[in-house]
Amino acid sequence: MKKARESRFEGIGKGVRRTVAGLVLGAGLLGTGVAGAEELTELTFGTNWFAQAEHGGFYQAKATGIYEKYGLDVSIEMGGPQVNNVQLLLAGKQDVTMGYPIRNIKSLVQDLPVVTIAAPFQSDPQALLAHPHVKSLEEIKGNPVYVFSGAKQTFWPWLEANYGFTDDMIRPYTFSVQPFLADDSVVQQGYVTSEPYAMEKGGVTPSIFLFAEYGYPPYAQTLETTRDMVAEQPEVLRKFVQASMEGWKSYFENPAPGNELIKQDNPEMTDEQIAFGIDKMKEYGLVSGGDAQEKGLGVMTDERWKATFDFMAKAGMVPEDLDYKQAYTLEFLPEEPVLP
């Protein structure tokens, strides 16, 4: 597949490069040969982390043959702390990647040709996690908060503007809950679908402050591609979005097929952790809540994108005259909404 993707820089063109034959056996020809062949368009999709429940819809679409139903042979590549998906996307190593609206809007300042085409997560699962005695975001002010290096370019300005947080509160995030468990003054970032599980296993049921419930506007785990793909492979993208949203619907109905592929890619992922993630996605309506309830999974609206841009411009993260609408398009959302 890498060789096929490198061909986009060798004069063959851009976008999805080649197809593979899916062998179809006829009912009367079992064991005797091939009755026909259906060509599948190859597409590489990159996630934002190691395989987990938060990626379940994509693994489900692959495991249950939904992608194949739409003529796609989708390869899912895991992300991680050392993986820069935007670089991989722009280098032609991925066709679609899992993105984030704030990053996407900022890419316009650098004139990077990245476009968001759907929003599987209607709410950002990002939260602050505190010990049970902390009852509000306001109470966190002044305490040490462990956050990743990119927080200053995403949610931290929102916390500063709305809750008076200051930079001297920041501590470097260690990708571990041990500092939290060792000190009841510590607050840390985390996905509501993930870190609370480890905290509970460690004996602490945290107070959870999901940013989205306090007005934090961005979508999350969006589908990003390049402007070249939008121009040259629109039908492939349309099929990928449709199939992925059907995959999410199927995953919430019976996640077993997708879970098996998740554990194949990430053997450290346990059934208990996956079940916790699914439960929290449902509880908080991360995928199926908000506009998705009536407009279908993956939906995006101009209003939500404007709210995200307005927050960013007010915080000085991007110029106020930036044409943020170049960061996304609504043309690839399913014509027939996939209702949860």
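Scroll up to find the structure.
Worth saying up front: this structure is predicted, and the values here are computed from it rather than measured.

Q: Summarise the pairing of strand β4 (residues 96–99); cite the residues concerned and give the values.
A: Burial along β4 is two-sided: the residues Val-96 and Met-98 and Thr-97 and Gly-99 are all buried. Of the pairings in the sheet, the one linking β4 to strand β11 (residues 222–226) comprises three bridges and is antiparallel in character. In the strand pairing of β11, Thr-97 is matched with Glu-224.

Q: Any chance you could break down the environment of Phe-240 for me, citing the residues and the numbers?
A: Inspection of the secondary structure puts Phe-240 in helix α10 (residues 234–253). Sequence-wise, Phe-240 and Asp-73 are 167 residues apart; in three dimensions their C-alpha atoms are separated by 10.0 Å.

Q: Describe the environment of Leu-129, with residues and values.
A: By the secondary structure assignment, Leu-129 is in strand β6 (residues 126–130). Sequence separation between Leu-129 and Val-187 is 58 residues; the distance between their C-alpha atoms is 5.7 Å. In contact with Leu-129, not counting residues within four places along its chain, are Phe-180, Val-186, Val-187, Gln-188, Gln-189, Gly-190, Glu-195, Pro-196, Met-199, Pro-206, Ser-207 and Ile-208.

Q: Give me the pairing of β6: which residues, what numbers.
A: When you tally the buried positions in β6, you get five out of five residues, the bulk of the element. Burial along β6 is two-sided: Gln-126, Leu-128 and Ala-130 facing one way and Ala-127 and Leu-129 facing the other are all buried. Relative to strand β9 (residues 187–191), β6 runs antiparallel, the two being bridged by four bridges. Each bridged residue has a counterpart across the sheet, and for Leu-128 the counterpart in β9 is Gln-189.

Q: Can you lay out the packing of helix α2 (residues 56–63) against α10 for me, pointing to particular residues and giving the numbers?
A: Look at α2 against α10: their axes get within 7 Å of each other, and the N-to-C directions meet at 100°. Classified by the interaxial angle, the pair formed by α2 and α10 is roughly perpendicular. Note on element contacts: α10 touches α2 through Phe-240, Ala-243, Ser-244, Gly-247, Trp-248, Ser-250 and Tyr-251, opposite Gly-56, Gly-57, Phe-58, Gln-60 and Ala-61. Per-class residue counts for the contact of α2 with α10 are six nonpolar, six polar and no charged.

Q: Give me the lowdown on the packing of aromatic side chains, citing residues and values where you can.
A: Under the counting rule described, the total for this entry stands at 24 aromatic pairs. Judged by centre distance (5.5 Å) and plane angle (55°), the rings of Trp-158 and Phe-211 are tilted. In this pair, Trp-158 sits in helix α6 (residues 156–163) while Phe-211 sits in the loop between β10 (207–210) and β11, placing the two residues 53 residues apart along the sequence. No difference in accessibility class separates Trp-158 from Phe-211, as the two residues are buried. A connected cluster of aromatic rings, assembled from ring pairs, spans Phe-148, Phe-155, Trp-158, Tyr-163, Phe-209, Phe-211, Tyr-214, Tyr-216 and Phe-311. Here the guanidinium or amino end of Arg-304 rests over the ring plane of Tyr-219, the centre of that ring lying 4.1 Å away.

Q: Explain α6 residue by residue, including any values.
A: One full turn of an α-helix is made of 3.6 residues, so residues set three or four places apart face in the same direction. Looking at α6, one finds that the buried residues are Trp-156, Pro-157, Trp-158, Leu-159 and Tyr-163. On its buried side, α6 packs onto β6, β7 (145–147), β8 (170–172) and α14 (302–314). Within two residues after α6, Gly-164 carries a phi angle of roughly 70°, on the positive side.

Q: Quick rundown of the sheet that holds β9? Include the residues and the values.
A: Pairing in this open sheet of five strands is mixed, and the strands run β8-β7-β9-β6-β10 from one edge to the other. The strands lining the two open edges of the sheet, one partner per strand, are β8 and β10. Ignoring strand direction, the axes of neighbouring strands in this sheet form an average angle of 40°.

Q: Now, about the pattern of salt bridges: what can you tell me, with residues and values included?
A: Side chains that differ in sign of charge can pair as their charged atoms come close. Overall, the coordinates contain 11 salt bridges when judged by the stated rule. Here Lys-69 makes a salt bridge to Glu-246, at a shortest N to O gap of 2.9 Å. Placement of Lys-69 in helix α3 (residues 66–69) and of Glu-246 in helix α10 is noted, with a sequence separation of 177 residues between them. Residue classification places Lys-69 among the exposed residues on the basis of a relative accessible area of 54%. The salt bridge involving Asp-167 is made with Lys-152; its shortest N-O contact spans 2.8 Å. With Asp-167 in the loop between α6 and β8 and Lys-152 in the loop between β7 and α6, this residue pair connects regions lying 15 residues apart in the sequence. Each of Lys-152, Glu-160 and Asp-167 takes part in one network of salt bridges that share partners.

Q: Account for the side chain of Glu-246, with residues named and values stated.
A: Overall, Glu-246 belongs to the buried group, its relative accessible area being 18%. For Glu-246, the residues in contact, after removing those within four places along its chain, are Ile-66, Lys-69, Tyr-70 and Val-338.

Q: Report on the nonpolar core, specifying residues and quantitative values.
A: If you look at the biggest cluster of nonpolar residues, it comprises 93 residues, and the most contacted ones within it are Phe-45, Ile-140, Leu-223, Phe-240, Trp-248 and Met-281. With nine residues, α10 is the largest single contributor of residues to this core. In contact with Ile-140, not counting residues within four places along its chain, are Leu-128, Val-134, Val-145, Phe-165, Met-169, Val-187 and Phe-209.

Q: How would you sum up empty space enclosed by the protein? Please name residues and give values.
A: On inspection of all chains with the given rule, the structure shows one cavity of 30 Å³ or more. Of the voids in this model, the largest cavity is the one considered here, and its volume is about 30 Å³. Along the walls of the largest cavity sit Gln-52, Ala-53, Glu-54, Thr-193, Ser-194, Met-269, Gln-273 and Gly-277, which together make up its complete lining. In terms of residue class, the lining of the largest cavity is made up of two nonpolar, five polar and one charged.

Procedures and definitions
Residue positions are given per chain, counted from 1 along the sequence in the order it is written. The predicted nature of this model means local features are confined to residues of pLDDT at least 70 and side-chain atom pairs, given and counted, to a pLDDT of 80 or more, with totals for whole chains, interfaces and linings taken over all residues. Excluded from the side-chain calculation are hydrogens and water; included are all heavy atoms of the structure. Only protein chains enter the calculation, and the probe is 1.4 Å; a residue is then buried if its accessible area is under 20% of its type maximum, exposed if over 50%, and partly exposed in between. Helix and strand definitions here come from DSSP, where helices need a minimum of 4 consecutive H or I residues and strands a minimum of 2 consecutive E residues; each element is numbered from the N-terminal end. DSSP calls a pair of strands paired once it identifies at least 2 bridges connecting them. By definition, residues are in contact when any of their heavy atoms lie within 4.5 Å. Note on geometry: axes are lines fitted to C-alpha atoms, helical ones only across the stretch in contact, with angles between N-to-C directions running from 0 to 180 degrees. For classification, angles of less than 35 degrees are called roughly parallel, those exceeding 145 degrees roughly antiparallel, those between 65 and 115 degrees roughly perpendicular, and all remaining angles oblique. Only Asp, Glu, Lys and Arg are considered charged, only Ala, Val, Leu, Ile, Met, Phe, Trp, Tyr, Cys and Pro nonpolar, and every remaining residue, Gly among them, polar. Here is the rule: rings of Phe, Tyr and Trp (six-membered ring for Trp) pair when centre to centre is within 6.5 Å. Planes less than 30 degrees apart are stacked, more than 60 are edge-to-face, and the remainder are tilted. Cation placement over rings: the criterion is NZ of Lys or CZ of Arg within 6 Å of the ring centroid and within 35° of the ring normal. One side-chain nitrogen of Lys or Arg within 4 Å of one carboxyl oxygen of Asp or Glu is enough to make a salt bridge. To qualify as a nonpolar core, a set must consist of buried Ala, Val, Leu, Ile, Met, Phe, Trp, Tyr and Cys residues joined through side-chain atoms within 4.5 Å. Method remark: on a 1 Å grid restricted to protein atoms, a set of points is classed as a cavity if a 1.4 Å probe fits but cannot get out and as a pocket if it is open with protein on both sides within 12 Å along at least five of seven lines; lining residues have an atom within 4 Å of a point. Grid points are joined across faces, edges and corners, and a volume is the space filled by probe spheres set on the points.

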